[in-house]
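# Coordinate analysis (summary)
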Amino acid sequence: MPATITLPSGFQPEGIAIGTKPFAYFGSRVDGDIYRVDLRTGKGATFSEGPGTASLGMKVDGSRLFVAGGAGGNARVLDLRTGEVLRSYQLQPAGTTAFINDVIVTDDAAWFTDSRNAVLFKLPFGRHGRLPAQAVAVPLTGDFVLGEGNNANGITTTPDGRALIVVQSNTGSLFRVSFSGVAQRIDLGAGESLVNGDGLWLRGRTLYAVQNRLNVIAKVELNRKGTTGTVVSRTGDPRFDVPTTIAEYGKRFYLPNARFTTPAEPTTTYNAVAVRIP
């Protein structure tokens, strides 16, 4: 299985999602196209054409792909078999400053972050996982304070599944967030932060956080409730070029290189890289 995956020139990748099969889905910041790659060969093709707004954070849930829509203030859910859009959601009104950045799927809902506003958006599932007619806005309160730049970004669940974990990119703070939106800062120890924190990935009680512009994956050991954590390592790779988020398959992590520090032209090259799980 190739350790470097070539993506289309000018694609501007940001999100990645992998399910139980060896296929990775990448989202484009340019127009929202979804590109599917066979991890066994590295070959890919456009899986679903975008709506003209970005496709950022993504997660696979069974036969569905949940996609965060960035500055478009939207989200959509795709059929993983056909690429068909099952339902679209306008989370923030058109013209509103918004940046729907990432998503996590729990047993009963999908949760989206907005990096420009102190709010999460919830898609509560109905019977047998049925999608709702509209999203529910859940204000972020408690220790969370909105600041300049990217705020709430990557999102996952606590090890016990009783709350969410959200990283605030501009401050480097990590929060345990109740399902009602109350944020409690997770104690990482004196002097520690996850500044430039982007995609999150949870394995048991171990949280992996991509610090994009630092070109590292931070490994954080959490307690079961997700109220405290210890940064035990940071792993880099010479192939990292501002990786944004992370997905797992086999014994590897896969990360798309967003190359934020490189001028984005139609001819700019992009790729994703695989590394062994630290």
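Refer to the preceding data block for the structure.
These lines cover the structure that appears in this document, whether it is placed above or below. Being a predicted model, the structure only gives us computed values, none of them experimental. (Residues numbered from 1 in each chain as written. Predicted model: local features only at pLDDT ≥ 70, side-chain atom pairs only at ≥ 80, totals over all residues. Heavy atoms only, no water.)

## Structural notes on the overall build of the chain
Where we set the bar: Secondary structure elements follow DSSP: runs of H or I of four or more residues count as helices, runs of E of two or more count as strands, with numbering from the N terminus. Each radius of gyration is computed over the set of C-alpha atoms, and the globule rule expresses the reference value as 2.2 Å times the number of residues to the power 0.38. A 1.4 Å probe rolled over the protein chains alone gives each residue an accessible area, and that area as a share of the maximum for its type sets the label: buried under 20%, exposed over 50%, partly exposed in between. Contact criterion: two residues are considered in contact whenever any of their non-hydrogen atoms come within 4.5 Å of each other. Working definition of accessibility: Shrake-Rupley area with a 1.4 Å probe, residue cover restricted to the visible protein chains. The charge count includes Lys and Arg as positive and Asp and Glu as negative, but it does not include His or the ends of the chains. Taken as the charge centre is NZ of Lys, CZ of Arg, CG of Asp or CD of Glu, depending on the residue.
Summing up its helical and strand segments, the chain has zero helices and 25 strands in all. In terms of overall dimensions, the chain is globule-like: its C-alpha atoms have a radius of gyration of 17 Å, near the 19 Å expected for 278 residues. Dimensions of the chain along its principal axes, counting C-alpha atoms only, are 45 × 45 × 35 Å. Considering the chain as a whole, with its 278 residues, one finds that 54% of them fall into the buried category. Across the chain, every contact between residues at least 6 apart in sequence was considered, and the portion connecting residues at least 24 apart equals 45%. Here the chain displays about 11600 Å² of accessible surface, and carbon together with sulfur accounts for 48% of that area. Between the mean site of the 29 positive side-chain charges and the mean site of the 23 negative ones, the chain shows a separation of 6 Å.

## Describing the layout of surface pockets
What counts here: Here a cavity means grid points, on a 1 Å grid over the protein atoms only, where a 1.4 Å probe fits yet cannot get out; a pocket means an open set of points with protein on both sides within 12 Å along at least five of seven lines; lining residues are those with an atom within 4 Å of a point. Grid points are joined across faces, edges and corners, and a volume is the space filled by probe spheres set on the points. Note on residue categories: nonpolar means Ala, Val, Leu, Ile, Met, Phe, Trp, Tyr, Cys or Pro, charged means Asp, Glu, Lys or Arg, and polar means any other residue, Gly included.
What the largest pocket holds in volume is close to 280 Å³. Around the largest pocket, the lining comprises 18 residues; the ones closest to its centre are Lys59, Val60, Ile104, Val105 and Trp201. At the level of elements, strand E2 (13-18), strand E6 (58-61), strand E10 (100-105), strand E15 (152-157) and strand E19 (197-203) are the ones that each hand at least two residues to the lining of the largest pocket. Residues of the lining of the largest pocket, tallied by class, amount to 12 nonpolar, three polar and three charged.

## Let's talk about the sheet that holds strand E17 (residues 173-177)
What counts is decided by this rule: Strand pairing is defined by DSSP finding a minimum of two bridges between the two strands.
Within the open sheet, the five strands sit side by side as E14-E18-E17-E16-E15. Their pairing is mixed. Edge positions in the sheet fall to strand E14 (141-142) and E15, since each has one partner strand and no second. Sheet topology note: the strand E16 (residues 164-168)/E17 ladder contains five bridges and is antiparallel. The residue bridging Ile165 from the neighbouring strand is Arg176, located in E17.

## Re the environment of Gly204
With respect to the helices and strands, Gly204 occurs in the loop between E19 and strand E20 (206-211). The spacing of Gly204 and Thr158 is 46 residues in sequence and 9.1 Å in space, taken between C-alpha atoms.

## Observations concerning the pairing of E2
Counting buried residues along E2, six of its six residues qualify, which places the element largely inside the surrounding structure. Inspection of the sheet shows E2 paired to strand E3 (residues 23-28) by four bridges, in the antiparallel sense. Paired with Ala17 across the strands is Tyr25, a residue of E3. Hairpin remark: E2 followed by E3, antiparallel, with four residues in the connecting loop.

## A short note on the pairing of strand E11 (residues 109-114)
Counted residue by residue, E11 has six buried out of six residues, so it is predominantly covered. Burial of E11 is two-sided: the residues Ala109, Trp111 and Thr113 facing one way and the residues Ala110, Phe112 and Asp114 facing the other way are all buried. Bridge count between E10 and E11: four bridges; the pairing is antiparallel. Paired with Val105 across the bridge in E11 is Ala110. Adjacent in sequence and paired antiparallel, E10 and E11 are bridged by three residues. Count of turn residues in the E11/strand E12 (residues 119-124) antiparallel hairpin: four residues.

## So, the packing of aromatic side chains
The condition is simple: Aromatic rings from Phe, Tyr and Trp, taking only the six-membered ring of Trp, are treated as a pair when their centres fall within 6.5 Å; an angle between ring planes under 30 degrees marks them as stacked, one over 60 as edge-to-face, and anything in between as tilted. Charge-over-ring contacts are defined here by two conditions on Lys NZ or Arg CZ: a distance within 6 Å of the ring centre and an angle within 35 degrees of the ring normal.
The tally for this structure, following the rule as stated, stands at six aromatic pairs. A ring pair is formed by Tyr25 and Phe47, whose centres lie 5.2 Å apart and whose planes are at 70°; its orientation type is edge-to-face. Taken together, the residues span a long stretch of sequence, with Tyr25 in strand E3 and Phe47 in strand E5 (residues 44-48) at a distance of 22 residues. Geometrically, the ring pair formed by Phe144 and Phe175 is edge-to-face, given 5.5 Å between the ring centres and 65° between the ring planes. Placement of Phe144 in the loop between E14 and E15 and of Phe175 in strand E17 is noted, with a sequence separation of 31 residues between them. Of the two residues examined, Phe144 and Phe175, each falls in the buried class. Between Arg64 and the ring centre of Phe125, over which it is positioned, the NZ or CZ distance is 5.0 Å.

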